Amino acid sequence: MFHNSSQKKFWQFDGEAALEKQRYEANQKFRSKIMASGKPVSDSLFLDPHEEMVIFRHYEKRLIDFCSIFKPTMPKSVVGTAVMYFRRFYLNNSLMEHHPRIIMLTCSYLSCKVDEFNVSSTQFVGNLQETPAGQEKVLEQILEYELLLIQQLNFHLVIHTPYRPMEGLLIDLKTRYPMLENPEVLRKTADDFLNRATVTDVGLLASPSQIALTAVLNSASRAGLSMESYLTECMGLKDDKETMSKLMDTMRRMKHLTKKYELPKPEEVVMCKQKLERVYAEFSSSNLSL
Amino acid sequence: MDDQGCPRCKTTKYRNPSLKLMVNVCGHTLCESCVEMLFVRGSGNCVQCDTPLRKCNFRVQLFEDPAIDKEVEIRKKVLKIYNKREFDFPSLREYNDYLETVEEIVFNLTNNLEVERTRQIMEQYQRENRDVIQRNKVKLTREQEELEELLLLEQKSTEERRLELLEEEKRQLHAKRKNKQALLDELESSQLPACVLLAQHKDRAVQLEQQIEKQKQAVKTTIFSTGIPMGQTVSLQPVPEIREVLYHHQPLYIYTHGPPVPELDQLQRLGYLNHVRAASQQDMAGGYNSGLACHRAVQDAFSGLFP
């Protein structure tokens, strides 16, 4: 369960500041590693955290697109797990060190395995748009990176996504909250909210049940229905003002984060990608196959 | 060592002094290799007296005269049955009578006189005194164990004493050497005249010797050789009872950081199962029921909800 999972113990952070600090540190670590190797480099050659974020979001979108056209259809939890792996990996590693294209495929390969969505490796690479020889090569690369990915995840492979908590909340609403006549109307908007939340940092900041509750409450307020009494009566929070206020605060922050996410502009993406390729051409010796 | 050879291959005994003679129940000997050869099928007849024998009954000879070995074997078997002790008998005379019967039996069996009758007597005795025999057998094994333990203890204590003595000697030697070295150093470095230093050194050496003597005498005996410490009075109080804290089962409580989840068996009653897809016949055959999925979903929805 989530309350005694490794996700709660090791991969929940207090605020966006902590996350930014980690990413900044990863960036600095890569820079100092290259500086220490003695090559004469100019500082402008490196990517700064903003550019890294641009590329990160671009590849994240590509990951989700890849999973959506995947045959057989990938369940939502597998997609969520893959995105979370991607996010966690680049929390402690710089994009300049390992190219996101291969990491993205490795993440989805690993999440298929972990979430027991059985696809053979040939079936997996068959979904890429490439010649069979190219697919073989990609498969080799995926297998090479798999262990590194697991290691950088600190071997914490179980991810709790918010999809099942959302189902649970809907069931609970139907059973215990007759004031809401048809909670099914909330499902579609809540789903949409969850999809948008997956590509933000909310998974690293709040528990999946909180995210699901935010989704449900958000869609209820959009539809104009009030659900305050659900929290106070059914959840037993009538007397516990402190927990209630903290919960509301967390939910507000999540909503805000989700709203302010936007896809980066294509020109910016192209520019950052070029810079990234240059970095790879200069420094990486292990990425020659890309 | 041995003046007789193996009755069969005669020469082999002199050629190979490590070869052993084996004795059987009939009292005749055979060397090891002859035993292997003759009894390759497990059983056969004795060379000299032609009694049917088994290979497993051959034992390594301990005494020069094979007849003695035979008697020793028979005595062991008889004494297993006739195992009464002196205090089992009310008077000395009766004990001696008992012993005489035992000797007669052993003599008869060894020299093959009235074997049948003797065996019958033995069987009769065994039937009559079955429980006494059993009791005495148990006592015997216990005594043997105690003896073995005492032997082990003795061995250990002698070993320890020996090691201590060695240590002591080493220490003394070391002290003497240090003393000599100290004298040399002083002669080298000190300002006093040599005769004064020599006198000092002699004093110190004498003191050391006296110390050693005193130490040797100081080892007082504190225990008797049987292990009872001197001056101890035997206390007749009962052994104190040791009571430990009783184990109390506390049910496991896991903090879920969220509202309480209804129990699995309550789900039907509370109406949760109406909102879950019902399990088909195929699903239920494997042991699945819709309550399981419902419970899991609700658990996940409530776990970690409160910050």
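Residues numbered from 1 in each chain as written. Chains lettered and ligands numbered in written order. Predicted model: local features only at pLDDT ≥ 70, side-chain atom pairs only at ≥ 80, totals over all residues. Heavy atoms only, no water.

## What about helix α2 (residues 16-36) of chain A?
Residue and element names in this part refer to chain A.
Okay, so step 1: Under the 1.5 Å per step criterion, the end-to-end length of α2 is 30 Å for 21 residues, consistent within 8% with the ideal 30 Å.
Okay, so step 2: Next to the buried residues of α2 lie α3 (49-68), α4 (76-92), α10 (202-205) and α14 (266-283).
Okay, so step 3: Phi turns positive one or two residues past the end of α2, at Gly38, with a value near 95°. (Helix = DSSP H or I, 4+ residues; strand = E, 2+ residues; numbered from the N terminus. Expected span 1.5 Å × (residues − 1). Contact = heavy atoms within 4.5 Å.)

## Quick notes on the interface of chain A and chain B
Okay, so step 1: At the junction of the two partners, chain A supplies 23 residues and chain B supplies 23 residues.
Okay, so step 2: Taken together, the connections running from chain A to chain B amount to 1 salt bridge.
Okay, so step 3: One salt bridge in this structure joins Asp300(B) and Arg164(A), with 2.6 Å as the shortest N-O distance.
Okay, so step 4: Linking chain A to chain B there are 10 residue pairs in polar contact (both at pLDDT 80 or more).
Okay, so step 5: Elements with a minimum of two residues in the side of chain A that touches chain B: α8 (163-176), α11 (208-222) and α13 (241-260) of chain A.
Okay, so step 6: Residue contributions to the side of chain A that touches chain B peak at 9 residues, all from α8(A).
Okay, so step 7: Split by residue class, the side of chain A that touches chain B holds 9 nonpolar, 8 polar and 6 charged. (Salt bridge = Lys/Arg side-chain N within 4 Å of Asp/Glu carboxyl O. Polar contact = N/O pair within 3.5 Å; in protein donor to acceptor, adjacent residues only side chain to side chain. Nonpolar A, V, L, I, M, F, W, Y, C, P; charged D, E, K, R; others polar.)

## So, the sheet that holds strand β5 (residues 59-60) of chain B
All names here are of chain B.
Okay, so step 1: Pairing in this open sheet of 3 strands is antiparallel, and the strands run β2-β1-β5 from one edge to the other. Strands with a single pairing partner mark the edges of an open sheet, and in this sheet they are β2 (29-31) and β5.
Okay, so step 2: Two elements, strand β1 (residues 21-23) and β2, share 3 bridges in a ladder whose sense is antiparallel. Paired with Val23 across the strands is Thr29, a residue of β2. (Pairing = 2+ DSSP bridges.)

## A few points about the pattern of salt bridges
Okay, so step 1: Evaluation of the coordinates by the stated rule reveals 30 salt bridges over all chains.
Okay, so step 2: Linking Arg117(B) and Glu114(B) is a salt bridge whose minimum nitrogen-to-oxygen distance equals 3.7 Å.

## With respect to unusual backbone geometry
Okay, so step 1: Backbone torsion omega between Lys71(A) and Pro72(A) reads 0°, so that peptide bond is classified as cis.
Okay, so step 2: As for its position among the elements, Pro72(A) is in the loop between α3 and α4.
Okay, so step 3: Positive phi, normally seen in glycine, also occurs at Glu114(B), with a value near 50°.
Okay, so step 4: Among the secondary structure elements, Glu114(B) is positioned in the loop between α4 (92-110) and α5 (115-128).
Okay, so step 5: In this structure, His257(B) is a non-glycine residue whose phi angle is positive, near 55°.
Okay, so step 6: With respect to the helices and strands, His257(B) occurs in the loop between α7 (194-218) and α8 (267-270).

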